[in-house]
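Geometric and topological summary
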Amino acid sequence: MKKFSHRLKIMLKKILGLMMVLVFSVIGLAEIDTSQIANDYPYKESAIMATVLGTPAEQHYKFKNPKGPKVRKFKTTKTIPEILRQWSNYEYGVWTQKKEAPLMIVISGTGSLYNSGMSLYLANVFYDRGYNVITFSSPTTMPYIVSQSKNAYAGYIKDETVQIYDLIEKAISREKADGMKLNGRVYIGGYSLGGFQSLQIHELDAKKNRRIGINKSLMLNSPVSILTATQNLDGFLVKNGIYDARSLEKYLDTIFSRLMYDKSIQIKDIEFSNLTTSLGKLGLEEKDFEVLTGLLFRFYSANMTFAGEVFSGNNAIGRLSNKKSYKRFDSVTQEFREGLSVSFDEYAKEILYPYLKKYKNPSLDFNDFINEFDLRSSQDFINKNNKNIIFITSTNDVLYSNDDINYINNTFSNKVLIPFGGHTGVLWHADVAKLMVDKLEEK
């Protein structure tokens, strides 16, 4: 098991390392005529390539003076088991204007921290346009799961929204006391799951008599149904024969062995002017990027499952291991292997719901639970506040079904549907970066 875990980690590091070089080489730091948006975007024909490779650097928003955040943290009030202690704090990032300015709150996407590439990019876009900015890590990250979630098994969107709301309120109060000057306009936005949660936080703020005072929410490539989205991502694995850790090992051995052992493959082989050709040289095809994307999301549900079992101790579901307690340096090879076979859909239905039903809310109906992972659960709020909800996304986003696209098109009046760009890939483009701020500032 240890040998497998070690080999898998080495393979993934090399694969993801090459992907990061690709990605970071292209990252750097009324009705809309979508035919005029990102005309020069290179990955219009492939949703998965757009998802993985983003946007070439020369097409990015050009910052006047990009900067990193002032890092703040919330310390946990929970008792943290030894093996999880490295995640005892939840950090967030702050950008403060020297004069009175509006506030933009950014919620990061699935598995993304407050200082992830996309979060830093969006923060600087808004900071460059004169906004104060605060960025928050996703509730699917270990710092949040371990230090802030009120549930042993994290991921219940309704509870996490309430907790994130409280953290936002405290953060704003802290920054105002530290000199941040607000002009009364407050916006919230996010990408991927962060977009979904932005809407929920906006709705919660209305229910709480606008204690934060959110004027508008910005949804960027938000899923319509979180469970449908994760089923699509898991489908990338299943259709390529990846069902568990063993089949994953076989796949990596056969498909990516060249990346592991072929010393002739060098970073210099990558021609950034023609990434499609370069990927062919590396032996990577679209299906391989599908597998890597699906695998990435498996890690997030595995994190939730593992942390839940550690926190639950004797009351653990036991999906990953029969162990009831862990010490700091215990091997978690078995848990790692088993975790890769747990999809979020399985986690939600077979682990999270039974836990909530037994320990938190005995009257929780299964169908009500499932519906809370869908935008339609906020339909009344959307109908009443449609003009103040901006939805920008790609119609070929890998998270969507055809029904999801129809729902977005028929439900949101203040939307921009770009016919390419995959999942968040085109958000890096200067045209889209400018568009999101302009849409927020529309009267």
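Above: the structure in question.
This text gives an overview of the structure that appears in the document. Because the structure is predicted, anything quoted here is derived from the model rather than measured.

The next subject is the overall build of the protein. Of regular secondary structure, the protein possesses 17 helices and eight strands. The 443 residues of the protein split such that 57% are buried. When the accessible surface of the protein is summed, it comes to about 19,000 Å², and 49% of that surface belongs to carbon and sulfur atoms.

Another aspect to go through is the packing of helix H11 (residues 286-312) against helix H13 (residues 344-359). Interaxial distance between H11 and H13 falls to 8 Å at its minimum, and their mutual angle equals 30 degrees. As far as their axial angle goes, H13 and H11 are roughly parallel. Side by side, H11 and H13 meet where Ser 301, Met 304 and Thr 305 of the first sit next to Phe 344, Tyr 347 and Ile 351 of the second. For the contact of H11 with H13, the class distribution of residues is four nonpolar, two polar and no charged.

If you check the backbone angles, Ala 38 has positive phi at about 50 degrees while not being a glycine. Residues other than glycine seldom take positive phi values, yet Asn 221 does so here, at roughly 50 degrees. Note that Asn 221 resides in the loop between strand E6 (214-220) and helix H7 (226-238). Overall, the relative accessible area of 1% leaves Asn 221 in the buried class.

Looking now at empty space enclosed by the protein. Of the volumes computed, that of the largest cavity is approximately 280 Å³. If you trace the largest cavity, you find 22 residues lining it, with Thr 110, Thr 140, Leu 193, Ile 226 and Thr 230 closest to the centre. Broken down by secondary-structure element, the contributors of at least two residues to the lining of the largest cavity are helix H5 (157-177), helix H6 (193-207), H7 and H11. Tallied by class, residues from the lining of the largest cavity come to 13 nonpolar, eight polar and one charged. Taken as a whole, the second largest cavity holds about 50 Å³ of empty space. Considering the residues around the second largest cavity, the lining is formed by Thr 230, Leu 233, Asp 234, Gly 294, Phe 297, Arg 298, Ser 343 and Phe 344. Listing elements by their share of the lining of the second largest cavity, those giving two or more residues are H7 and H11. Taken together, the residues of the lining of the second largest cavity sort by class into three nonpolar, three polar and two charged.

Reading the values: rules and limits
Residues numbered from 1 in each chain as written. Predicted model: local features only at pLDDT ≥ 70, side-chain atom pairs only at ≥ 80, totals over all residues. Heavy atoms only, no water. Helix = DSSP H or I, 4+ residues; strand = E, 2+ residues; numbered from the N terminus. Buried < 20%, exposed > 50% of the residue type's maximum accessible area, 1.4 Å probe, protein only. Areas by Shrake-Rupley, 256 points an atom, 1.4 Å probe, with all protein chains shown as cover. Axes fitted to C-alpha atoms, helices over the stretch in contact; angles between N-to-C directions. Parallel < 35°, antiparallel > 145°, perpendicular 65-115°, else oblique. Contact = heavy atoms within 4.5 Å. Nonpolar A, V, L, I, M, F, W, Y, C, P; charged D, E, K, R; others polar. 1 Å grid on protein atoms, 1.4 Å probe; cavity = no way out; pocket = protein on both sides within 12 Å on 5 of 7 lines; lining within 4 Å. Points joined across faces, edges and corners; volume = space filled by probe spheres on them.

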